[in-house]
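Inside the fold
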Amino acid sequence: MAAIRAAQLGLSTACIEGNPYDDPKGEPRLGGTCLNVGCIPSKALLHSSHLFEDANHHFEDNGISVKGVSMDPAKMVARKNAIVDKMTGGIQYLFKKNKVILLKGYGAFVKQEGGLTQVQVTDKDGNASIVSAKNVIIATGSKARHLPSIAVDNVQVCDNEGALNFSTVPKKLGVIGAGVIGLELGSVWRRLGAEVTVLEAMPAFLGAADGAIAKEAKKLFEKQGLKFQLGVSIGDVKVSKKSVTVNYTTADGAEAKGEFDKLIVSVGRTPNTDNLNLEAVGVKTNERGFIEVNHDCATAVAGIWAIGDVIPGPMLAHKAEDEGVAVAERIVGQKPHIDYNCVPWVIYTSPEIAWVGQTEEALKAAGREIKSGQFPFMANGRALGMGSAEGFVKMIADAKTDEILGVHIIGAGASDLIAEAVVAMEFKAASEDIARVCHPHPSMSEVMREAALAVDKRTLNM
């Protein structure tokens, strides 16, 4: 998106891309992690598995009788791959439309001279060339973090890439890490019949989320069949031809082990800043490998910028996109602004989880005087009609000014509903503003309004 916006602004723009992912021709596939092995393919699998679960367990509630429902994992994965192909091909089209030059290969810095930064581009055959530019944006993304004691082969022991391509449904699946990726991929294969156990090192479940949301999410996920072990310490992992054995210590110090057909290691991501030869131009990274930038995404070296997963902050595709657009605009002298407090988070489980702003725990720890309101989907007619009445919306506002400080949702369509809260917070709205805006009836969005009314203790429908 940085390249496209830069080209729209009249800059002569080239984008260096060399990662082939799983392209059969070994050609670079545009769109990075998100389109190839992250957001897009995982959502395709989540949708397919959700339909399968509905057919098996929820159609009957609607008077629909079906028998012999089965899932073909290979066909499901093929559908996912077709969507990825379409999306990455769409980026190729956008590059051509906006006259962005694609340089196929891997980039590494050479030097700065005469106001220009030189970058060496090495293609898949080892051929190298040098390009020079007044401005360079580093947007190399991230890769799955692996544990040093566990060898990932993406066959039996997988990271997010391997977990997107199972050819069969494992009978028993282990997931190390109860974060976004672990919960989403664990949900996919649980719906298709796998017995899923999630091992998490942290003592609290979804520590980044609001406490009320995390508590409700754990309860609902366990009801669905996901099993959680929190506060564990992973020990030896042994892999045979047919199984993976994980030895671990539980939170109370007991020795335990899990026997799985496959294991997903989902313990975060690390920035792709190695092999860039950053030292050649004086760009510095911190102890975790993230590039140091100011609030405008500028490094300490003139003309070199960095965005997305390679800089500190949440690793979110929409955050990276906004940063890329903003940097392109700054290069031509514009003054864009990103309010990082208004960047939404989403977990695409069922029910979905989404939030923006601060949690109740963080606000109280900061000594902020707050008031809050909460309203359940169970009291919403649209949610009941859809058979999606689990969860609630929670809104937090300043006790004196009524400014909205955080909105937290667990429920169907949370990823779409959170957008209203983002807009409200961008414009410094009060909870009363949302409470007095007419929302369509019947709709899930009414729960947002009722949560706003609840802040002032005046809900209408409960």
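Computed from a predicted model, the values in this text were never measured in an experiment.

**A closer look at the environment of Ala-317**
For Ala-317, the position within the fold is in helix H8 (residues 317-331). Counting along the chain gives 110 residues from Ala-317 to Gly-207, while the straight-line C-alpha distance between them is 21 Å. Excluding residues within four positions of it along the chain, Ala-317 makes contact with Cys-34 and Cys-39.

**Things to note about the pairing of strand S15 (residues 262-265)**
Where burial is concerned, the two faces of S15 agree: the one with Lys-262 and Ile-264 and the one with Leu-263 and Val-265 are both buried. Judged from the 2 bridges that link them, strand S8 (residues 157-158) and S15 form a sheet pairing that is parallel. The residue of S15 that forms the bridge with Cys-158 is Ile-264. Taken together, the 4 bridges between strand S9 (residues 172-176) and S15 define a ladder with parallel strand orientation. Among the inter-strand pairings, Gly-174 is bridged to a residue of S15, identified as Leu-263.

**Here's the deal with the packing of helix H3 (residues 39-57) against helix H4 (residues 73-97)**
Look at H3 against H4: their axes get within 9 Å of each other, and the N-to-C directions meet at 140°. Note that H3 runs across H4; the crossing there is right-handed. Taking contact as the criterion, the partners of Ile-40, Pro-41, Ala-44, Leu-45, His-47 and Ser-48 in H3 are, on H4, Met-76, Val-77, Arg-79, Lys-80, Ile-83, Val-84 and Met-87. Its residues placed into classes, the contact of H3 with H4 shows 9 nonpolar, 2 polar and 2 charged.

**Digging into the nonpolar core**
Membership of the largest hydrophobic core comes to 38 residues, with the highest contact counts inside it found for Leu-173, Trp-189, Phe-205, Leu-206, Phe-221, Phe-228 and Ile-353. Among the elements that make up this core, the one with the highest residue count is helix H7 (residues 211-224) (5 residues). The contact partners of Leu-206, leaving out residues within four places of it in the chain, are Ala-178, Leu-183, Ala-214, Ala-217, Ile-347 and Ile-353. Listed in part, the 30 residues of the second largest apolar core include Ala-354, Val-407, Met-425 and Met-444.

Criteria and cut-off values
Residues numbered from 1 in each chain as written. Predicted model: local features only at pLDDT ≥ 70, side-chain atom pairs only at ≥ 80, totals over all residues. Heavy atoms only, no water. Helix = DSSP H or I, 4+ residues; strand = E, 2+ residues; numbered from the N terminus. Contact = heavy atoms within 4.5 Å. Buried < 20%, exposed > 50% of the residue type's maximum accessible area, 1.4 Å probe, protein only. Pairing = 2+ DSSP bridges. Axes fitted to C-alpha atoms, helices over the stretch in contact; angles between N-to-C directions. Left-handed = near helix turned anticlockwise from the far one by under 90°. Nonpolar A, V, L, I, M, F, W, Y, C, P; charged D, E, K, R; others polar. Core = buried A, V, L, I, M, F, W, Y, C linked by side-chain atoms within 4.5 Å.

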